Amino acid sequence: MAHFELLARCPTTRARVSRLTLAHGATMLPTFMPVATQAAIKGLTPQQVESLGVTLILNNTYHLNLRPGIKVLSEAGGAHKFQGWNKNLLTDSGGFQLVSLSKFTTITEEGALFESPFTGEPTMLTPEESISIQHAIGADIIMQLDDVVPSLTQDRARVEEAMERSVRWLDRCITHHNLSGKRATQNLFAIVQGGLDLELRDRCVTQMVQRKNDVAGFAIGGLSGGEEKDVFWRIVKQCIDKLPEDRPRYCMGIGFAEGSYIIQSNLLVCVALGVDMADCVFPTRTARFGVALTHNGPINLRLAKYARDFEPIDSSCPCPTCVEGSSRAMLHHIIGRETAAAQGRSLLVSVTIHNIVFQARIMGGARDAIMGGTFPTYLRQFFSNYFGDVGYPEWCVNALRSVNVDLLEGSDIKVVSGKGAKWEYSTAA
Ligand SMILES: [Zn+2]
């Protein structure tokens, strides 16, 4: 079973630091998990990822189930061995991607009925089957199958049905998991649903917390589907306020769909609200477009202005790309050769490494600040550096005010509403 120790609480916000010890070692929280869709993180070896200090990654069950497939994974002894990854691993239930990627999906009480990508035949993913697949993968954290509806769905009856069904499916996952004998090494997380409806969310949290003894952690699902950010953070805050202190809280798919250039602020706002874990495709996905993260916002290395910029991405960054002195100009230069030959370290790898380290530093800095009692100052500093030129997103100001941090106090940085800040990334990618 997972061992969860609370190490420090921020006296001002709801942020906290904890240590989550799983079968493949300890992970300090809050953390973000890079997403390794097809087992590996694109362009990086597992050893490289590990050397960057990452101790927990997310694999997609749907993709692993397609390739290499469960039979191969079972023969290999699980996804850790298959991909040579020695640290912790979390898998999703496969349900979300099934619904978003399959030609058709019908949700019944039994499970999700979809068209098999292999045979075209109707195939059923039940809660039990999802858990069995995740057992074969061998992830340290496994997720319940839930009934996911798009967050912008107007049909309240459908949202309510999906929420209640997610509770019933949690029970089936718990029973199946507990009977499997895998509980010693694999840990089941529940997923709170209920759409954008505060009352439904409340009912879901209440019911799921009653199952606390059978779950190792709680996730907040069904968000980041294009809803207003001011709605997003209120749902997160309300759920967190009612979740038990002694279990990790995972906010799923932050910045999955929308303006992900604001992802850094998403992560830190969530930490301030009390989130311990978040997954994030942004640092790796955006690297493919030549976008590097810096404390002053993202920069797009494809732009001509970087052809004569001989500074590293970030001179204070300890990542191999910056330490070895790769200049922005050099990185800009190799973009053109990218498709021709993948010789040496490609732009993708160089920027991916930098972005993962950048994100890890942001979270490491947050943990240090929470431990040292200076998290509100850390937040203010990060936001003023990152948004100084483009303005604070209004929802961040509102969300942080709800946990007693006022970004505008003693600041002359403007506030922008709606999608907010625009960097060069948002126009070029
Ligand atoms: Zn760097």
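Along every chain, residues carry numbers that run from 1 in the direction the sequence is written. Residues qualify for local features only when their pLDDT is at least 70, as the model is predicted, and side-chain atom pairs are given and counted only at 80 or more; totals for whole chains, interfaces and linings, by contrast, use all residues. Where side-chain values are given, they derive from all heavy atoms of the structure, hydrogens and water being excluded.

- Named according to an unreviewed UniProt entry, the chain is Queuine tRNA-ribosyltransferase catalytic subunit 1 originating from Mycena alexandri.
- On record in UniProt, under Subunit (unreviewed entry), the comment for the chain is "Heterodimer of a catalytic subunit and an accessory subunit."
- UniProt positions are given in the numbering used here, feature names are shortened, and annotations may be inferred rather than shown by experiment. Per its UniProt entry, the chain bears the Subcellular location (unreviewed entry) comment "Cytoplasm".

## What about the overall build of the chain?
In step 1: Put simply, DSSP marks the helices as runs of H or I at least four residues long and the strands as runs of E at least two long, and each gets a number from the N terminus on. Scanning the chain from N- to C-terminus turns up 17 helices and 18 strands.
In step 2: The C-alpha radius of gyration of the chain comes to 21 Å, within 12% of the 22 Å expected for a compact globule of 429 residues.
In step 3: Projected onto its principal axes, the C-alpha coordinates of the chain cover approximately 60 × 50 × 40 Å.
In step 4: Each residue is placed in one exposure class: buried if its accessible area under a 1.4 Å probe, protein chains only, is under 20% of its type's maximum, exposed if it is over 50%, and partly exposed if it falls in between. Per-residue burial over the chain gives 56% buried out of 429 residues. Atoms considered for the radius of gyration are the C-alpha atoms alone. The globule rule reads 2.2 Å times the number of residues to the power 0.38.

## Comments concerning the coordination of the zinc ion
In step 1: Metal donors were taken as nitrogen, oxygen and sulfur atoms no farther than 2.8 Å from the ion, or 3.2 Å where the ion is Na, K or Ca. Water is excluded, so coordination may look unfinished. Within the protein, the zinc ion binds to Cys317 (SG), Cys319 (SG), Cys322 (SG) and His354 (ND1); these donor distances fall in the range 2.1 to 2.3 Å.
In step 2: Every donor counted, the four donor atoms about the zinc ion form angles of 103 to 119° at the centre, which fits tetrahedral coordination.
In step 3: Sequence spacing among the residues donating to the zinc ion works out to C-x1-C-x2-C-x31-H. One end of the pair, Cys319, is in the loop between β16 (299-300) and α12 (320-323); the other, His354, is in helix α14 (residues 347-372), with 35 residues separating them in the sequence.
In step 4: Judged by its relative accessible area of 0%, His354 is buried. Any site counts as irregular unless it has four donors with all angles between 85 and 135 degrees, making it tetrahedral, or four or six donors with opposite ones more than 155 degrees apart and the rest between 65 and 115, making it square planar or octahedral.

## Focus: the UniProt feature "active site" (unreviewed entry) in the chain
In step 1: Under the local residue numbering, the UniProt record ascribes the feature "active site" (unreviewed entry) to Asp92 and Asp279. These annotated residues cover 188 residues of sequence, and their C-alpha atoms lie no more than 10.7 Å from one another, placing them together at a single site.
In step 2: Only heavy atoms matter for contacts: two residues are in contact if any of them lie within 4.5 Å across the pair. Beyond its immediate stretch of four places on either side in the chain, Asp92 contacts Asn59, Asn60, Thr61, Tyr62, Gln97, Gln134 and Met143.
In step 3: Tracing the backbone shows Asp279 in strand β14 (residues 277-280).
In step 4: Not counting chain neighbours up to four residues away, the residues in contact with Asp279 comprise Met33, Val35, Leu58, Tyr250, Cys251, Met252, Gly253 and Ile254.
In step 5: A distance of 2.8 Å separates the side chain of Asp279 from the side chain of Tyr250, its partner in a polar contact. What qualifies as a polar contact is a pair of N or O atoms within 3.5 Å, subject to a donor-acceptor requirement within protein and to the restriction that residues adjacent in sequence count only when both atoms come from side chains.

## Some thoughts on the UniProt feature "binding site: substrate" (unreviewed entry) in the chain
In step 1: Following the UniProt record, the feature "binding site: substrate" (unreviewed entry) maps to Asp92, Ser93, Gly94, Gly95, Phe96, Asp146, Gln193 and Gly222 here.
In step 2: With respect to the helices and strands, the residue Ser93 is situated in the loop between β6 (88-91) and α5 (95-101).
In step 3: Non-local contacts of Ser93, meaning those with residues more than four positions away in its chain, are made with Thr61, Leu125, Ser130, Gln134, Met143, Gln144, Leu145 and Asp146.
In step 4: Within the structure, Ser93 has its side chain in polar contact with the backbone nitrogen of Gly95 (distance 3.1 Å).
In step 5: You can see Gly95 is positioned in helix α5.
In step 6: Those residues in contact with Gly95 that sit more than four places away from it in its chain are Leu125 and Leu145.

## Let's talk about the sheet that holds strand β2 (residues 16-22)
In step 1: Each pair of strands is called paired provided DSSP finds at least two bridges between the two strands. Here we have three strands laid out as an open sheet, ordered β1-β2-β3, and antiparallel in their pairing. Two strands lie at the open edges of the sheet, namely β1 (3-9) and β3 (25-29), each paired on one side alone. Across this sheet, the average inter-strand angle for adjacent strands is 15°, counted without regard to direction.
In step 2: As paired elements, β1 and β2 share six bridges and run antiparallel to each other. In the strand pairing of β2, Glu5 is matched with Arg19. An axis is simply a line fitted to the C-alpha atoms; with a helix, the fit covers only the stretch in contact. Between two such axes, the angle follows the N-to-C directions and lies from 0 to 180 degrees.

## Here's the deal with unusual backbone geometry
In step 1: Omega for the bond connecting Leu29 with Pro30 falls within 30 degrees of zero, at 5°, which places this linkage in the cis form.
In step 2: By the secondary structure assignment, Pro30 is in the loop between β3 and β4 (31-36).
In step 3: At Ser224, a residue that is not glycine, the phi angle is positive and equals roughly 60°.
In step 4: Among the structural elements, Ser224 can be located in the loop between β12 (217-220) and α9 (229-242).
In step 5: The class of Ser224 is buried, set by a relative accessible area of 4%.
In step 6: At Asn404, a position not held by glycine, the phi torsion is positive, near 70°.
In step 7: In this structure, Asn404 sits in the loop between α16 (394-401) and β18 (415-416).

## Some thoughts on helix α8 (residues 198-209)
In step 1: The span you would expect from a helix comes to 1.5 Å times its residue count less one. The end-to-end C-alpha distance of α8 is 16 Å, a good match for the 16 Å that 12 residues give at a rise of 1.5 Å each.
In step 2: Next to the buried residues of α8 lie α7 (156-180), β11 (187-192), β12 and α9.
In step 3: You can read the cap of α8 off the contacts: a side-chain oxygen lies 2.9 Å from the backbone nitrogen of Glu199, and it is on Asp197.

## Some points on a nonpolar patch on the surface
In step 1: There is a patch of nonpolar side chains on the surface, built from Leu152, Leu196 and Val231 and spanning about 210 Å² of accessible area.
In step 2: Tracing the sequence through the fold places Leu196 in the loop between β11 and α8.
In step 3: The class of Leu196 is partly exposed, set by a relative accessible area of 31%. The patches described consist of residues with a relative accessible area above 30% and no salt bridge, like charges being joined within 9 Å and nonpolar side chains (Val, Leu, Ile, Met, Phe, Trp, Tyr) within 5 Å. Methods summary: accessible areas were calculated by the Shrake-Rupley approach with a probe of 1.4 Å, and residue burial reflects only the protein chains presented. Think of a salt bridge as a Lys or Arg side-chain nitrogen and an Asp or Glu carboxyl oxygen that are within 4 Å of each other.

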